[in-house]
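Residues per chain, in single letters:
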Amino acid sequence: MILSIDTSCDETAAAVVLGRRVLSNVVYSQVLLHQKWGGVVPSIAKRAHEERIDFVINATIKKILSQKNLFTSKLASRLSSGSVAIRSSSSDEGSLHRNFFDYIEAIAVTVGPGLAPALEVGIKKAKELAEKFNKKIISVNHLEGHIYSPFVQNSKGNPKIDFHFPYLVLTVSGGHTSLVIFEDHLKYKVIGETIDDAAGEALDKAAKLLGLGYPGGPVIERLAKEVDNRDFYHFPRPMVSSDNLNFSFSGLKTSFYYFLKKMDEKEKLKKIKELASSFQQAVFETLIIKTEKAIKKTGIKNLALVGGVSANFYLRKLFRNLAKKYNGQVLFPSFKYLCGDNAAMIGVVASFKAQKNLFVSDIKNFDRIPRMSL
Amino acid sequence: MKIIKLDDKNVIEKTVEVLQQGGLVVFPSDTVYGLLVDASNEKAVKKLIAFKNRPPGKPISVFSDWDFLYDLVLVSEKQKELLKNLLPGPFTVVLKSKGKVCPLLESEKKTLGVRIPDYQPVNQLIKKIKKPVTATSANLSGKSPHYSIESLLKQLPESKKKLIDLIVDAGKLKRNKPSTVIDLVEENIKILRQGDIVFTQVDTYLSRSEKGTKKIAQFILGKLLKKHVKKPLIFIIEGDLGVGKTVFVKGMGEFLGIKGIVSPTFVVMYEYEVEKSKVDKLIHLDLYNVEEKEEFEYLKIEKYLVPGNLLAIEWGEKVGEIFDLLKEKGEIVYVKMSYENEKERVIEVSF
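Residues numbered from 1 in each chain as written. Chains lettered and ligands numbered in written order. Predicted model: local features only at pLDDT ≥ 70, side-chain atom pairs only at ≥ 80, totals over all residues.

A. Representation of the overall build of chain B. Within chain B one finds 11 helices and 17 strands. A compact globule built from 351 residues should have a C-alpha radius of gyration of about 20 Å, whereas chain B, at 27 Å, is more than 25% larger. Expressed as a percentage of its 351 residues, the buried residues of chain B come to 46%. Pairs at least 24 apart in sequence give 73% of the contacts found in chain B among residues at least 6 apart. (Helix = DSSP H or I, 4+ residues; strand = E, 2+ residues; numbered from the N terminus. Rg over C-alpha atoms; globule rule 2.2 N^0.38 Å. Buried ≥ 20, exposed ≤ 12 C-beta atoms within 10 Å, placed from the backbone. Contact = placed C-beta atoms within 7 Å.)

B. Spotlight on the nonpolar core. Grouped together as the largest cluster of nonpolar side chains are 208 residues, with contacts concentrated most on Val26(B), Phe235(B), Ala312(B), Ile313(B) and Val335(B). Among the elements that take part in this core, helix H12 (residues 272–298) of chain A stands out by supplying 9 residues, more than any other. When neighbours within four sequence positions are excluded, Val26(B) is seen to be in contact with Tyr33(B), Leu35(B), Ala138(B), Leu152(B), Ile164(B), Ile167(B) and Val168(B). (Core = buried A, V, L, I, M, F, W, Y, C linked by C-beta atoms within 7 Å.)

C. Expanded view of the sheet that holds strand E6 (residues 111–115) of chain B. Residues and elements named next belong to chain B. In space, the 5 strands of this open sheet follow the order E7-E4-E6-E5-E10, with mixed pairing throughout. Looking along the sheet, the strands with just one partner apiece sit at the ends: strand E7 (133–134) and strand E10 (180–183). As judged from the 2 bridges shared by strand E4 (residues 62–63) and E6, these two strands associate in the parallel manner. When the sheet's bridge partners are listed, phenylalanine 63 is paired in E6 with arginine 115. (Pairing = 2+ DSSP bridges.)

D. How the structure looks around the pairing of strand E12 (residues 233–238) of chain B. Residues and elements named next belong to chain B. Counted residue by residue, E12 has 6 buried out of 6 residues, so it is predominantly covered. Burial of E12 is two-sided: the residues Leu233, Phe235 and Ile237 facing one way and the residues Ile234, Ile236 and Glu238 facing the other way are all buried. Taken together, the 5 bridges between E12 and strand E15 (residues 309–314) define a ladder with parallel strand orientation. The residue bridging isoleucine 236 from the neighbouring strand is isoleucine 313, located in E15. The pairing of E12 with strand E16 (residues 331–339) spans 6 bridges and is parallel. Counterpart to isoleucine 237 in the pairing with E16 is valine 335.

E. The arrangement of the confidence of the model for chain B in detail. Of all residues in chain B, 99% have pLDDT values of 70 or greater, and the mean over the chain is 92. Of the two predicted TM-score estimates for the complex, the pTM is 0.87 and the ipTM is 0.84. (pLDDT = per-residue confidence, 0-100.)

F. Just the interface of chain B and chain A, in detail. The partner chain A presents 48 residues to the 46 residues of chain B that form the contact. Put simply, the parts of the chain that give the side of chain B that touches chain A at least two residues each are helix H4 (77–86), E10, strand E13 (269–273) and helix H10 (295–299) of chain B.

G. Spotlight on the packing of helix H8 (residues 199–209) of chain A against helix H10 (residues 250–262) of chain A. Residue and element names in this part refer to chain A. Where H8 meets H10, the axes come as close as 11 Å, and the angle between the chain directions of the two elements is 10°. Considering their axes alone, H8 and H10 lie roughly parallel with respect to each other. Seen from H8, the contacting residues are Ala202, Lys205, Ala206 and Leu209; seen from H10, they are Leu252, Lys253, Phe256, Tyr257 and Leu260. Among the residues making up the contact of H8 with H10, the classes are represented as 7 nonpolar, no polar and 2 charged. (Axes fitted to C-alpha atoms, helices over the stretch in contact; angles between N-to-C directions. Parallel < 35°, antiparallel > 145°, perpendicular 65-115°, else oblique. Nonpolar A, V, L, I, M, F, W, Y, C, P; charged D, E, K, R; others polar.)

H. How the structure looks around the domain arrangement of chain B. Segmentation of chain B into domains returns domain 1 (2–183) and domain 2 (194–350). One C-alpha centre belongs to domain 1 of chain B, the other to domain 2 of chain B; they are set 47 Å apart. (Domains from an automatic or database assignment.)

I. Quick look at the environment of Pro215(A). Residue and element names in this part refer to chain A. Tracing the backbone shows proline 215 in the loop between H8 and helix H9 (217–226). Overall, proline 215 belongs to the buried group, with 23 C-beta atoms counted inside 10 Å. For the pair proline 215 and aspartate 204, spaced 11 residues apart in the sequence, the C-alpha separation amounts to 5.6 Å.

J. Representation of helix H13 (residues 313–325) of chain A in the model. Residues and elements named next belong to chain A. For H13, spanning 13 residues, the distance from its first C-alpha to its last is 19 Å, which sits close to the expected 18 Å at 1.5 Å a residue. For H13, the complete set of buried residues consists of Leu315, Phe319, Leu322 and Ala323. Angularly, the buried residues of H13 cover 95° about the axis, an arc narrow enough to put them on a single face. Facing away from the buried side of H13 by more than 90 degrees, the exposed set consists of Phe313, Lys317, Asn321, Lys324 and Lys325. In this fold, the buried residues of H13 make contact with H12, strand E9 (303–306) and strand E10 (330–331). Taken from the residues just after H13, asparagine 327 is the one with a positive phi, measuring 55°. (Expected span 1.5 Å × (residues − 1). Arc of directions from axis to C-beta.)

K. Focus on H8(A). Residue and element names in this part refer to chain A. The buried fraction of H8 is high, at 10 of 11 residues. Every buried residue of H8 is accounted for by Ala199, Gly200, Glu201, Ala202, Leu203, Asp204, Lys205, Ala206, Ala207 and Leu209. Its buried side turned inward, H8 meets strand E6 (167–172), strand E7 (177–184), H9, H10 and H12. Downstream of H8 by a residue or two, glycine 211 has a phi angle that is positive, lying close to 80°.

L. How the structure looks around the packing of H9(A) against H12(A). All names here are of chain A. Packing of H9 against H12 brings their axes to within 8 Å, and their N-to-C directions diverge by 110°. When the interaxial angle is binned, H9 and H12 end up roughly perpendicular. Handedness of the H9/H12 crossing: left-handed. Counted together, Ile220, Glu221, Leu223, Ala224 and Glu226 of H9 and Ile272, Lys273, Ala276, Ser277, Phe279 and Gln280 of H12 form the full contact between these two elements. For the contact of H9 with H12, the class distribution of residues is 6 nonpolar, 2 polar and 3 charged. (Left-handed = near helix turned anticlockwise from the far one by under 90°.)

M. Fine view of unusual backbone geometry. All names here are of chain A. In this chain, glycine 112 is followed by proline 113 through a cis amide linkage whose omega measures -10°. The step from asparagine 158 to proline 159 runs through a cis peptide bond, and the omega angle for that step is -10°. Looking at the element boundaries, proline 159 is found in the loop between helix H7 (142–148) and E6. The backbone of histidine 234 sits at a positive phi, close to 50°, despite the residue not being glycine. As for its position among the elements, histidine 234 is in the loop between H9 and H10.

N. Representation of the sheet that holds E10(A) within the structure. Residue and element names in this part refer to chain A. Strand order in the open sheet made by the 5 strands is E8-E7-E6-E9-E10, with mixed pairing throughout. Edge positions in the open sheet fall to strand E8 (187–193) and E10, since each of these has one partner strand only. As defined by bridge partners, E9 adjoins E10 across 2 bridges and the pair is classed as parallel. Among the inter-strand pairings, leucine 303 is bridged to a residue of E10, identified as valine 330. On the sheet, H12 packs against E6, E7, E8 and E9 and is oriented at approximately 160° with respect to E6.

O. Highlighting the domain arrangement of chain A. Residue and element names in this part refer to chain A. When the domains of chain A are assigned, the result is domain 1 (2–159 + 337–355) and domain 2 (167–333). The set of elements that each furnish at least two residues to the side of domain 1 that touches domain 2 consists of H7 and helix H14 (344–355). Considering every element that reaches the side of domain 1 that touches domain 2, the biggest residue donor is H7, with 3 residues. Taken together, the residues that form the side of domain 1 that touches domain 2 break down as 8 nonpolar, 3 polar and 1 charged.

Okay, here's the thing in structure tokens:
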């Protein structure tokens with residue numbers, strides 16, 4: 001069993017996994033359904049991981065012991081007085097922890113990419129636990145986590161998706177946009193990435209230009225759906241004619257900005273759905289064109305779409321169509337929560353690393369790498 | 001607990017009557033089954049919160065009507081136009097509350113979520129009752145919403161069922177997603193004003209391309225690094241969306257031998273190690289998504305204000321809150337970028 005921690009960005013998250021099975025998974029905002037700030041929590045405030053990390057790890061441990069499924073109940077019964085300890089007062093927390101950590105092989109933690117002060121919180125906690133319970137540490141790249149997200153299973157071992165390497169993986173989120181060949185376990189080759197903005201960021205910014213607040217991705221998706229995702233204005237598809245597989249969204253941003261500037265304010269608001277849909281179409285079509293180019297270049301037909309924007313149903317549909325065209329398979333994160341940031345996928349990557357004995361050798365000097373690449 | 005059908009002749013009157021008496025009603029909507037109580041009745045709201053096991057502090061949105069929407073929340077003229085185009089529809093708009101509903105429904109920041117659904121029965125109900133009614137999904141906190149009364153009742157323990165006064169059954173609802181939240185609350189952050197900084201020199205450049213912007217950035221950085229500077233250099237970069245702020249920082253990065261700089265908007269801050277230069281580290285910040293002054297605390301910016309570091313801050317005009325700190329610990333360079341036209345940019349550098 002591995003305890004994993006991810007504090008790379010928005011979510012304070014912890015999980016316990018066994019191989020690909022997620023036995024317990026906690027993301028802070030899910031626990032408290034917390035929207036204290038009203039509407040949407042501002043981006044950095046969300047990253048107050050320091051205040052939450054202990055709470056989240058405790059919740060993860062308690063959750064695994066309170067589960068009723070066969071797999072974990074066996075474990076719970078083995079942890080002497082485990083189930084009693086859950087209900088009893090916090091004075092038993094220490095012994096509960098000790099029992100729990102007897103069964104933990106290693107502690108996995110995200111080292112990057114991400115916001116430095118946020119990453120630091122997770123790493124500090126991992127080091128602290130490793131020392132206290134004499135455990136090894138496994139360092140995981142956040143992007144590896146996303147790449148493994150279609151293969152993550154629930155505690156019962158579902159879904160049962162086998163690995164058929166190689167895969168062409170498109171990661172699309174607020175912070176990342178990249179095309180990667182997933183060659184074999186823990187072997188990746190980046191063949192394209194954004195040179196300026198991430199696709200999710202471009203959508204957020206377009207939403208803000210339309211006066212729709214942050215985060216804009218889901219709002220744009222909903223508005224676009226209301227006009228059947230049609231393209232009304234034909235904004236440029238950035239870099240689609242260039243031969244490489246890199247993305248750039250800054251030019252599209254400029255042209256959208258200028259288009260709105262020339263538009264009458266009333267007209268702009270009247271056409272808000274059409275504008276949202278057209279912008280989304282420009283971004284998504286760029287993603288599809290580049291992915292298709294990558295299919296042709298590499299001959300790889302098995303696709304995976306991962307990261308926050310993979311929650312968008314319309315993009316999934318476009319991706320399915322693309323895979324169909326080339327008789328390929330297409331994968332998405334196996335559960336909805338795996339689209340966003342979470343520690344479950346980090347733990348699953350760590351399981352494969354543990355098999356290969358890839359542990360951190362120098363824990364003392366182990367540090368975050370905010371601009372880590374694959 | 002009483003169950004009536006949505007096609008009952010007097011369904012609206014009966015529902016209004018229960019709500020007026022502070023009752024809790026399960027009612028269909030354009031998305032999922034909702035839990036309705038009179039939003040101005042504190043006792044009824046408390047009953048709702050107890051029913052949902054909802055943690056305190058999480059706001060609950062309300063159904064409204066055009067007639068009294070502007071009494072409930074603060075709406076600017078521009079936002080009025082926007083709302084007219086969004087509503088009725090599957091959206092919850094979050095705005096500053098005017099305090100007309102029970103405060104338990106508002107967020108800590110005194111904002112309120114409002115819905116005008118595209119759904120006749122709810123619209124008729126609101127028209128009749130003439131006040132806001134809560135619009136939260138009929139499920140316990142943390143559980144999925146329900147599209148049929150059957151599945152709702154299956155989930156509920158007897159103790160919860162007792163709290164419900166009336167159920168209006170419309171059969172199986174179409175499986176529409178719950179409403180999407182649009183946060184329209186203006187940000188609350190101190191913007192740097194022109195008079196806040198006094199500069200000795202102002203240079204103006206014209207860039208005709210991305211390459212040009214990078215070259216200008218490199219020229220300026222090269223010039224400044226020749227001078228003996230004891231403090232960390234802080235580039236505050238201001239300019240509209242798409243004007244080339246990230247390009248400018250990429251230019252500086254290339255001068256220092258850093259490749260692969262991307263926009264840090266989402267992450268807020270990226271740092272890059274620099275080799276063989278007077279600069280040790282480039283700290284690339286982007287304050288675009290920063291909305292509250294409290295957020296600066298989490299960035300721990302003081303830690304980076306040491307000699308040898310170069311800070312480049314996009315949307316730098318938003319540093320108002322921490323400007324005194326920056327001025328004291330660092331050497332400020334103010335870069336103002338603006339559109340001359342779609343291709344050309346004016347870059348004004350003050351230091």
